[in-house]
Amino acid sequence: MTPPATFAVAAGTHSQLLAAGPRVASSSNSRRAQLRVRAVATGPARRPVSSSPPPVAPAPASPSPLQQAAPRRVPLGIQEVDNGAILGFSAELSEDHPGFHDAAYKQRRVNICNLARSHRIGEPIPHISYTAEEVAVWGSALTRLEHLFQQHACKEFQRSWPLFDLRPDAVPQLEDLSQVLQGTTGFRIRPVAGLLHPRDFLNGLAFRTFHSTQYMRHSSKPDYTPEPDVIHEVIGHLPMLADPSFASLAHAIGVASLAADEEQLKHLVKLYWYTVEFGVVREGSDVKAFGAGILSSYGELQHMAAGGAEVAPLDVWQPLPKISYKDGYQKRYFALESFEAGAVELQAYCASLQAGLTDEVRAAVGLAS
């Protein structure tokens, strides 16, 4: 899933997350990635001036006694991460949604969302018997995207892709895919009814849990969805989460979210948006996609490959631009000079926030004390 921002995803233009909301109306991916990031703005820590380790991000100023609120409780396990704080794109659809006037589709969404709400940690993920119409939508998106991956997807994505054995004639079940992830990087999938609050979504990553929707976009627009759906989750996110280096990075972002104050969370969500959702990396003289908002959108992937957007270096310590999810395809991608070097920088920023965690929390997320 994508942190909430506001989301629009197209199997030919796919985007939208953790941006307290993620995605774009004309870019299915952009928007979805944005949905997950919708509740986030700026506020990074400053880059260290010397070669010494980055400083710990400063704690927010203490409010006066009259302003003090109850301290935020940091979860110590995935059971304590709320997957019911849905910000949107659940069973309720807005009037501009392709399925708004389709009563049968809306009821189908209700049924699938209710299965996610009833799921309990430790139980198998509910099996969805996808209809022939839903399988056709899945197959169309998968077939179109696969033609572009060899040339435009990063090597980490291509290395993990065969692990899932995705076929156009069958929508995969999240339980089966979760078992693949657990066997490669220790991540698992937890079903969710829609776009989670960004802190809850990122907190899940700290416990190596990826929250994923199970419903399918409307058949009238197989290359577009205004929210994260099973196509975005499975095709865009899971292959990268099966890569050990990327999974470690996702885990670090999640752990950092446990310690982040509200301003730091805003910057963290933007980092997620411009990397996990819309990140690109240089491989020699080529620019390749590793962000789910690009890799799950036929249109966004073509847009990137054609040089339709500016490619700028990513500086994790500097403020990042406002997330755009209403202007079609992305106007700017932030590139890692190499996946390895970029991961080191991102890990360093996350570590600057993680330093404030208690030993109890560090132990709960698998960090050495």
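Refer to the structure presented above.
Criteria and thresholds
- Residues numbered from 1 in each chain as written.
- Predicted model: local features only at pLDDT ≥ 70, side-chain atom pairs only at ≥ 80, totals over all residues.
- Heavy atoms only, no water.
- Helix = DSSP H or I, 4+ residues; strand = E, 2+ residues; numbered from the N terminus.
- Buried < 20%, exposed > 50% of the residue type's maximum accessible area, 1.4 Å probe, protein only.
- Phe/Tyr/Trp six-rings, centres within 6.5 Å; stacked < 30°, edge-to-face > 60°.
- Lys NZ or Arg CZ within 6 Å of the ring centre and 35° of its normal.
- Core = buried A, V, L, I, M, F, W, Y, C linked by side-chain atoms within 4.5 Å.
- Contact = heavy atoms within 4.5 Å.
- Salt bridge = Lys/Arg side-chain N within 4 Å of Asp/Glu carboxyl O.

Caption draft 1: A look at unusual backbone geometry. The phi angle at D165 is positive, at roughly 50°, despite the residue not being glycine. For D165, the position within the fold is in the loop between α4 (155-160) and α5 (174-184). Classification of D165 as exposed rests on a relative accessible area of 55%.

Caption draft 2: View of the packing of aromatic side chains. Counting across every chain of the model gives 11 aromatic pairs. Of the aromatic side chains, those joined through ring pairs into one cluster are F149, F157 and W161. Taking NZ or CZ as reference, K106 lies 4.4 Å from the ring centre of F100, over its face. Sitting over the ring of Y298, R144 keeps its end group 3.9 Å from the ring centre.

Caption draft 3: Here's a closer look at the nonpolar core. Judged by nonpolar contacts, the single largest core of 85 residues is most densely connected at W138, F149, L166, L202, I235 and L238. In contact with I235, not counting residues within four places along its chain, are W138, L142, L145, F149, F157, W161, L166, V230, L295 and S296. Counting nine residues, the second largest nonpolar core, distinct from the first, contains I78, F207, V361 and V365.

Caption draft 4: Region of the structure containing the pattern of salt bridges. Counted by the stated rule, this structure contains 12 salt bridges. With its nearest N and O atoms 2.8 Å apart, the salt bridge here joins E134 to R108. Within this pair, whereas E134 is found in helix α3 (residues 132-152), its partner R108 is found in helix α2 (residues 103-118), the two being separated by 26 residues in sequence. Note on E134: relative accessible area 8%, which makes it buried. Residue R217 is joined to D229 by a salt bridge in which the shortest nitrogen-to-oxygen separation is 2.8 Å. Taken together, the residues R217 in the loop between β5 (209-212) and α7 (230-241) and D229 in the loop between β5 and α7 connect sequence positions 12 residues apart. Of the two residues examined, R217 and D229, each falls in the buried class.

Nothing here speaks to function; it is all geometry.
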